Amino acid sequence: MKKKNPIIEGRNKNRRKIWLFCYLMLIPAIWCVIRYFAVNGYSILIAFTDGEPFKDEFTVRNFTMLFNELGQRDSIIYLAMINTFKYFLLGTVKVFIAFVVAYFLYKKIWCYKAFRFIFFLPSLIAPVVSIMIFKDIIAKYGPLWEIVKVVFGTEYEELLANPAIATRVIMIYVLLTGFGTTFLIFMGAMNRAPEECFEAARIDGCSLWREFWQILCPLTFETFSTMLLLQFATIFTATGPILYFTGGSYNTYTLSYWIFDQVRGSSYNYPSAVGMFFTLLAMPFVFGSRAIMKKINPEVSY
């Protein structure tokens, strides 16, 4: 009788375990695919009806309504699109700011541990709590109101009730509280950079600017480009905590919050058309951005 090779038997056993794991992981993957196509497929169908698919007549009336609203500067969809672009640009700027902040913390500037805690602190506080604190600070008769009255001798009304500046006020909150995880990811990438490169640069008399621009940026560009690409993917879904601040009042709607508000009110057809249109509009931008990132990404390995 031929003896079994224990090495071959061990490899076969490991191979069976791997295949079993792969098959088991296929179950949730298939379920997610089914759910994705079922939900999104139904959303596509109801975008072309005014009622239920296959029960009501198919029409492009929702898209016609959308194009008409986009041509009217005082329509909710147009204002929501403009606000969405504002949040998108703010998010893009925050990526660059977070990268610079991460660099200074990486260089261990004076009190860098305190600054690291301050930048990450908003992420530790529940959004509802931090928003309530922020609203109390800027409210009429609040601390900010008292400071403005004493310093400038003027009194202002409720900032969030002013359609001209309500979105800007929310954007200030988003800017102040949105660096928690991003700059930590950048710091992790920077800490992985070989210290030998920086030591050689310092010996050659490299300035901090050249170290940042010509050494650190290429070494961490893969992480930076990934974060930037994730931000580009939100071009039509960027938003702020609209529900907690104004609930969409005072011209603070964004596209994603408007869709949420419509679905919450049991309106599905028109929001589906809006979501489908802007999704198709975003795809060339996202894939084009990805192609550009791949071309300019320096080939650096460490």
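Our structure is the block above this text.
Summarised in this report is the structure supplied together with it. All values derive from a computational prediction rather than experimental measurement.

### A few points about the packing of aromatic side chains
Two aromatic rings, taken as a pair, are described by how far apart their centres are and by the angle between their planes. Inspection of every chain in the model, using the stated rule, returns 28 aromatic pairs. Connected via pairs of aromatic rings, a cluster forms that spans Phe96, Phe99, Tyr103, Phe104, Phe186, Trp209, Phe212, Trp213, Phe221 and Phe224.

### Focus on the side chain of threonine 49
Note on placement: threonine 49 falls in the loop between α1 (6–47) and α2 (61–70). Residue classification places threonine 49 among the buried positions, given a relative accessible area of 0%. Leaving out residues up to four positions away in the same chain, threonine 49 has contacts with Asp56, Glu57, Phe58, Thr59, Asn62 and Asn269.

### Overview of helix α13 (residues 269–296)
An α-helix turns once every 3.6 residues. As a result, residues three or four positions apart point the same way. The terminal C-alpha atoms of α13 lie 41 Å apart, and with 28 residues this matches the ideal 40 Å at 1.5 Å per residue to within 8%. At alanine 282, α13 shows its strongest bend, of approximately 25°, with the proline proline 284 following within four residues.

### With respect to the environment of alanine 166
As for its position among the elements, alanine 166 is in helix α7 (residues 166–176). Using a relative accessible area of 0% as the deciding quantity, one classes alanine 166 as buried. For the pair formed by alanine 166 and serine 249, sequence separation is 83 residues and the distance between their alpha carbons is 9.1 Å. The contacts of alanine 166, once residues within four sequence positions are left out, are Leu159, Leu160, Tyr250 and Thr252.

### Let's talk about the pattern of salt bridges
In this structure the tally under the stated criterion is seven salt bridges. Measuring nitrogen to oxygen at the nearest pair gives 3.6 Å for the salt bridge that ties glutamate 155 to lysine 149. A salt bridge links aspartate 261 to arginine 264; the nearest nitrogen and oxygen atoms lie 2.6 Å apart. With aspartate 261 and arginine 264 both in helix α12 (residues 255–264), this residue pair falls three residues apart, about one helical turn. The class for aspartate 261 is buried, based on a relative accessible area of 17%. For arginine 264, a relative accessible area of 48% gives the class partly exposed.

### Some remarks on the environment of valine 148
With respect to the element layout, valine 148 can be found in helix α6 (residues 143–152). Considering only alpha carbons, one finds valine 148 and asparagine 251, 103 residues apart in sequence, at a separation of 25 Å. Not counting chain neighbours up to four residues away, the residues in contact with valine 148 comprise Gly153, Thr154 and Tyr156.

### Remarks on the packing of α12 against α13
One can describe the packing of α12 onto α13 by two numbers: an axis separation of 9 Å at closest approach and a directional angle of 155°. Overall, the two elements α12 and α13 adopt an arrangement that is roughly antiparallel. Seen from above, α12 lies across α13 with left-handed handedness. Contacts between α12 and α13 involve Leu255, Trp258, Ile259, Gln262 and Val263 on the former and, on the latter, Tyr270, Pro271, Val274, Gly275 and Phe278. Looking at the contact of α12 with α13 residue by residue, the class counts come to eight nonpolar, two polar and no charged.

### Some words on the nonpolar core
Within the largest apolar cluster, 64 residues are counted, with the highest numbers of intra-cluster contacts made by Leu66, Ile77, Phe186, Met190, Leu255, Val274 and Phe278. In contact with phenylalanine 278, not counting residues within four places along its chain, are Leu66, Leu70, Met81, Phe236 and Leu255.

Cut-offs and rules
- Counting of residues starts from 1 at the beginning of each chain's written sequence and follows it residue by residue.
- Totals for whole chains, interfaces and linings use all residues, but because this is a predicted model, local features are given only for residues with pLDDT of at least 70 and pairs of side-chain atoms are given and counted only at 80 or more.
- Hydrogen atoms and water are omitted, and side-chain values are computed over all heavy atoms in the structure.
- Pairs were defined over the aromatic rings of Phe, Tyr and Trp, the Trp ring being its six-membered one, requiring ring centres within 6.5 Å. Orientation was assigned from the angle between planes: stacked under 30 degrees, edge-to-face over 60, tilted for the rest.
- Secondary structure elements are taken from DSSP: a helix is a run of H or I of four residues or more, a strand is a run of E of two residues or more, and numbering for both begins at the N terminus.
- Only protein chains enter the accessibility calculation, which uses a 1.4 Å probe; a residue whose area is less than 20% of its type maximum is buried, one above 50% is exposed, and one in between is partly exposed.
- Two residues form a contact once any of their heavy atoms are found within 4.5 Å.
- Here the expected span of a helix is defined as 1.5 Å times the quantity of residues minus one.
- Two axes enter the bend calculation: one fitted to the seven residues ending at the residue in question, the other to the seven starting there, and the bend is the angle between them.
- When a carboxyl oxygen of Asp or Glu is within 4 Å of a side-chain nitrogen of Lys or Arg, the pair counts as a salt bridge.
- Note on method: axes are straight lines fitted to C-alpha atoms, helices fitted across the in-contact stretch only, with angles between N-to-C directions ranging 0 to 180 degrees.
- Our angle categories are set so that under 35 degrees counts as roughly parallel, over 145 as roughly antiparallel, 65 to 115 as roughly perpendicular, and the remainder as oblique.
- A clockwise turn of the near helix away from the far one marks a right-handed crossing, whereas an anticlockwise turn of less than a right angle marks a left-handed crossing.
- The classification used treats Ala, Val, Leu, Ile, Met, Phe, Trp, Tyr, Cys and Pro as nonpolar, Asp, Glu, Lys and Arg as charged, and all other residues, Gly among them, as polar.
- By nonpolar core is meant a set of buried Ala, Val, Leu, Ile, Met, Phe, Trp, Tyr and Cys residues that side-chain atoms within 4.5 Å join together.

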